[in-house]
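Descriptive structure summary
Below are the chains, spelled out letter by letter.
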Amino acid sequence: MPDTQPIQAQGSKAARLRALLEGTSVVRAVGAHDGLSAKLVQRAGFEAVWASSFEISASHGLPDASLVTMTQYLDAAIAMDAVTDIPVIADCDTGFGGPMNAAYAMQRYERAGISALCIEDKLFPKINSFADAAQDLLPAEDFALKIKNAKEMQSDPDTVLIARTEALIAGRPVAEALERAHVYVAAGADAVLVHSKSRRPEEVLEFASRWESPVPLVAVPTTYNTVTEGELYDAGYRLVIYANQGLRAAVKGMQEVLQDLGGADRAAEIEERIAPMAEVFALQGMPSTFRTKP
Ligand code: SPV
Ligand code: MG
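Remember, it's a predicted structure, so these values are computed and weren't measured experimentally.

Considering the site of ligand 1
Looking at ligand 1, the residues that line it are W50, S52, S53, F54, D64, D91, N128, S129, F130, R164, H195 and A243. In the environment of ligand 1, an oxygen atom lies 2.9 Å from a nitrogen or oxygen atom belonging to the side chain of W50. At a separation of 3.1 Å, an oxygen atom of ligand 1 approaches a polar side-chain atom of S53. Notes on ligand 1: free accessible area 280 Å², of which the protein chains cover 99%. Here the shell around ligand 1 is composed, by residue class, of four nonpolar, five polar and three charged.

Now the structure itself:
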């Protein structure tokens, strides 16, 4: 069904993502977990969708701990890609296992038309970066092998492979994060995501100031949320991912409305706080002739 958003520029989504990453302003992606949330990201004007493992796991009612299978993650990414015109960047956790799993993920996601994959250097099974748990890292050379295997399997030169280092999440110094990231670039990574759970942006800014590669940097300012996109761009970050704000807004909105509905004895009490059916019809791509009239 047609969406009301105009189709954007020509060329594959992956080629457009590459062009965006070489542009003169920061590329902004927002996390999503299904077709509807991805459409909302596009409609709000963002340039890319982050198929977040945290959001997709949460949408299954499960922790983000390598419980959801690659096929389930892939299906969710496909659902997002199918109803949007902007590139989908798939959060592929650790690559779903060892180097062969990472290569297989590359093959499956690419064939499904997903523009970018992101894999991280934690041990499989991993747990969400903000969980109060051990955040064990794979030796850098072992993770480099995953990158090499995935790049070898890649068939579209425009597909973007993002290598994510969790060194700072694991409590290691910036120097180790840099060392790891440079190894990952040598192995073929097209971009580097350095994740941080600090409340302040200093460590990601320091990382960027010591970065010695033309490969673009990616930031996820979830905890260090006072940093501006301009500050990140000036430091060297080319992609900023707002990884989970949409899901968290949805959870809060649903909790509040359902709580109030539970305390009322008719739906009219909450009607003004929920989207009209017509708005959802429009989001679904229902032909206008079938939509309810105002
Ligand atoms: C995700 O959105 O799943 C991410 C980012 O990987 S984080 O939750 O911060 O690990
Ligand atoms: Mg994730």
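There's more to say after this.
Notes on the coordination of the magnesium ion (ligand 2)
Protein coordination at the magnesium ion (ligand 2): the donors are S53 (OG) and D91 (OD), at 2.0 to 2.1 Å from the metal. Here S53, found in helix α3 (residues 53-59), pairs with D91, found in strand β3 (residues 88-91); they are 38 residues apart in sequence, far enough to count as distant. Side by side, S53 and D91 carry an identical accessibility label, which is buried.

Brief notes about the nonpolar core
Counting 62 residues, the largest nonpolar core has M80, Y109, I147, F207 and Y237 as the members making the most contacts within it. No other element matches helix α4 (residues 70-82), which puts six residues into this core. Excluding anything up to four places from it in sequence, F207 contacts V174, A177, L178, A181, V192, V194, L217 and Y237.

Quick notes on the domain arrangement of the protein chain
Domain annotation for the protein chain reports domain 1 (13-244) and domain 2 (252-290). One C-alpha centre belongs to domain 1, the other to domain 2; they are set 33 Å apart. In this complex, domain 1 contributes four residues to the contact, which on the side of domain 2 involves four residues. Between domain 1 and domain 2, a total of about 320 Å² is buried, with carbon and sulfur atoms accounting for 63% of that surface. Of all residues in domain 1, the largest losses of buried area upon contact with domain 2 belong to L36, K39 and R43, amounting jointly to 88% of the total for that side. One can count zero salt bridges joining domain 1 with domain 2. The interface formed by domain 1 and domain 2 contains one residue pair in polar contact (both at pLDDT 80 or more). Taken together, the residues that form the side of domain 1 that touches domain 2 break down as two nonpolar, no polar and two charged.

Structural notes on the packing of aromatic side chains
All chains considered together, the criterion is met by four aromatic pairs. Consider the rings of Y73 and F96, whose centres lie 5.8 Å apart with planes at 35°: the pair is tilted. Placement of the pair is Y73 in helix α4 and F96 in the loop between β3 and α5 (99-111), with a sequence separation of 23 residues. As far as the burial class goes, Y73 and F96 line up, both buried. Here F96 and Y109 contribute two aromatic rings whose centre-to-centre distance is 6.4 Å and whose plane-to-plane angle is 10°, an arrangement assigned as stacked.

Criteria and thresholds
- Residues numbered from 1 in each chain as written.
- Chains lettered and ligands numbered in written order.
- Predicted model: local features only at pLDDT ≥ 70, side-chain atom pairs only at ≥ 80, totals over all residues.
- Heavy atoms only, no water.
- Near = heavy atom within 4 Å.
- Polar contact = N/O pair within 3.5 Å; in protein donor to acceptor, adjacent residues only side chain to side chain.
- Areas by Shrake-Rupley, 256 points an atom, 1.4 Å probe, with all protein chains shown as cover.
- Nonpolar A, V, L, I, M, F, W, Y, C, P; charged D, E, K, R; others polar.
- Donors = N, O, S within 2.8 Å, 3.2 Å for Na, K, Ca; no water.
- Helix = DSSP H or I, 4+ residues; strand = E, 2+ residues; numbered from the N terminus.
- Buried < 20%, exposed > 50% of the residue type's maximum accessible area, 1.4 Å probe, protein only.
- Core = buried A, V, L, I, M, F, W, Y, C linked by side-chain atoms within 4.5 Å.
- Contact = heavy atoms within 4.5 Å.
- Domains from an automatic or database assignment.
- Buried area = accessible area lost by both parts, 1.4 Å probe.
- Salt bridge = Lys/Arg side-chain N within 4 Å of Asp/Glu carboxyl O.
- Phe/Tyr/Trp six-rings, centres within 6.5 Å; stacked < 30°, edge-to-face > 60°.

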